[in-house]
Amino acid sequence: MEEGMSSMQQKAAELEHMAEVLLTGEQLRLRLHEEKVIKDRRHHLKTYPNCFVAKELIDWLIDHKEASDRETAIKLVQKLLDHSIVHHVCDEHKEFKDVKLFYRFRKDDGTFPLDNEVKVFMRGQRLYEKLMSSENTLLQAREEEGVKYERTFVASEFIDWLIQEGEATTRSEAEQLGRRLLEHGIIQHVSSKHHFMDSNLLYQCRMNFRRRRRLMELLTEKSRLMPETHDSPFCLRKQNHDNRKHTSFLSVSPTKEIKIVSAVRRSSMSSCGSSGYFSSSPTLSSSPPVLCNPKSVLKRPVTADELLMPGAPYVRKTFTIVGDAVGWGFVVRGSKPCHIQAVDPSGPAAAAGMKVGFQTGTING
């Protein structure tokens, strides 16, 4: 039984990686449409609708700190091309090139291959949005085997809900849908011990469809991320995530948002030990966060006088952070004003642009 679950989890991880690529590509497509990088273009008296110029996209990726250099930008888009997310408008080039060639997202011309796996993820995303709606009360804090988990749903109640929402007509059909969602890494048993079944077992959403993906994640396998040093508070955080019976971080909702108003120096933050880490811009990091600067913890104490000392002016920035399965990924210290003492390089706060040393004004008002 354990070997079967392990094999299933490995398969789910592979499918989840594919889904992450699809979600990253879709988020990029929407941003490019919003900023008019994608538009109708003419060449030799022929109009090519909804396309982008390869060279212009690379410029855009670098300008928006999604890639550190042109070579990296090419590799990122090539990943999307390899997964049939983008393609040359005439399908004449299988490699993405830094030239004035027209490319297009397959979703914009209706050529995206909708295989069974993709259909499951599209359906899973629709169900996820329904589950996360403010009117829905299916997700609640519950206990299983003495451990409390936030935003869980009972399998039997989930089946009732699927039938009520018209997603299935019978309990057997709904149960099969739940099993497919689990096998694709969209939901999971709270302690990963059971497959989905019509029972009183607890399950959670494993995939956060709302999380903003960093393009650099396409080139970085999760297992290859540089581990935190043992003096980092997030070393314990990761250990707790692996040892579910002894963790309190799993009680954090994977989609719960917090809004933080911080005071950020216009000049370098090197006096607080964070120079060269993340940009204060809300755009995402251009390279794997751990590699930007491993000094993710402000070890020495910082006084209020030091934070308020005369110098470059401060600007107020609001960071909206969507928590992942283990929290938001930052630590606050001090008083009047508080400051960010640590930022998990691979966590949601870092992705939002948080840096150590920032003053903290308000959190959720």
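Up top is the structure.
Let me begin by describing the structure that accompanies this report. All figures in this text were calculated on a predicted structure; none of them were measured in a lab.

1. Looking at unusual backbone geometry
For N50, which is not a glycine, the phi torsion comes out positive at approximately 50°. Note on placement: N50 falls in strand 2 (residues 46-53).

2. Considerations on the sheet that holds strand 4 (residues 102-105)
Each strand in a sheet pairs with another by means of backbone hydrogen bonds, the pair being arranged parallel or else antiparallel. The four strands are arranged 1-2-4-3 in an open sheet whose pairing can be described as antiparallel. Bordering the open sheet on either side are strand 1 (39-43) and strand 3 (86-88), each of which pairs with just one other strand. The average undirected angle you get between the axes of adjacent strands in this sheet is 55°. Pairing analysis gives three bridges linking strand 3 to strand 4, with the strands arranged antiparallel. Of the residues in strand 4, the one forming a bridge with H88 is Y103. Against the sheet, helix 2 (residues 54-63) makes contact with strand 1, strand 2 and strand 4, and its axis sits at roughly 25° relative to strand 2, the strand it touches most.

3. Some words on the packing of helix 5 (residues 116-131) against helix 7 (residues 171-183)
At a minimum axis separation of 10 Å, helix 5 and helix 7 run at an interaxial angle of 105°. Here helix 5 lies roughly perpendicular to helix 7, going by the angle between them. Judged by residue contacts, V120, R123, G124 and L127 of helix 5 engage L177, R180 and L181 from helix 7. Looking at side-chain class alone, the contact of helix 5 with helix 7 contains four nonpolar, one polar and two charged residues.

4. Section: the pairing of strand 5 (residues 140-144)
Pairing of strand 5 with strand 6 (residues 147-154), which is carried by four bridges, proceeds in the antiparallel orientation. Residue pairing for strand 6: Q140 is matched across the bridge by T152. Where strand 5 folds back onto strand 6 in an antiparallel hairpin, the turn is made up of two residues, including E145, whose phi is positive at roughly 55°.

5. A closer look at the sheet that holds strand 5
Ordered by their spatial adjacency, four strands build an open sheet running 5-6-8-7, and the pairing between neighbours is antiparallel. Looking along the sheet, the strands with just one partner apiece sit at the ends: strand 5 and strand 7 (187-189). Between one strand axis and the next, the sheet turns by 55° as a mean value, whatever way the strands run. The sheet contact formed by strand 6 and strand 8 (residues 202-205) spans two bridges and is antiparallel. Along strand 8, the bridge assignment pairs F153 with Y203.

6. Structural notes on helix 2
Looking only at helix 2, the buried set comprises A54, L57, I58, W60 and L61. On an axial view of helix 2, the arc spanned by its buried residues comes to 160°, and they lie on one face.

7. Overview of the layout of surface pockets
There is about 410 Å³ of room inside the second largest pocket. Forming the boundary of the second largest pocket are 18 residues, of which L22, E26, K107, M122 and Q125 lie nearest the centre. Of all the secondary-structure elements, those providing two or more residues to the lining of the second largest pocket are helix 1 (2-34) and helix 5. Ranked by residue count, the leading element in the lining of the second largest pocket is helix 1, at eight residues. Its residues assigned to classes, the lining of the second largest pocket comprises twelve nonpolar, three polar and three charged.

8. A closer look at the packing of aromatic side chains
Enumeration over the complete set of coordinates arrives at ten aromatic pairs. Pairing Y48 with F102 gives two aromatic rings, centres 5.6 Å apart and planes at 70°, and the pair type is edge-to-face. Residue Y48 is found in strand 2, and its partner F102 is found in strand 4; the two are separated by 54 residues along the sequence. An identical accessibility class is assigned to Y48 and F102; each is buried. Aromatic ring contacts, followed pair by pair, group F153, F158, W161, F196 and Y203 into a single cluster.

Here is what the cut-offs are and how they apply
Residues numbered from 1 in each chain as written. Predicted model: local features only at pLDDT ≥ 70, side-chain atom pairs only at ≥ 80, totals over all residues. Heavy atoms only, no water. Helix = DSSP H or I, 4+ residues; strand = E, 2+ residues; numbered from the N terminus. Pairing = 2+ DSSP bridges. Axes fitted to C-alpha atoms, helices over the stretch in contact; angles between N-to-C directions. Contact = heavy atoms within 4.5 Å. Parallel < 35°, antiparallel > 145°, perpendicular 65-115°, else oblique. Nonpolar A, V, L, I, M, F, W, Y, C, P; charged D, E, K, R; others polar. Buried < 20%, exposed > 50% of the residue type's maximum accessible area, 1.4 Å probe, protein only. Arc of directions from axis to C-beta. 1 Å grid on protein atoms, 1.4 Å probe; cavity = no way out; pocket = protein on both sides within 12 Å on 5 of 7 lines; lining within 4 Å. Points joined across faces, edges and corners; volume = space filled by probe spheres on them. Phe/Tyr/Trp six-rings, centres within 6.5 Å; stacked < 30°, edge-to-face > 60°.

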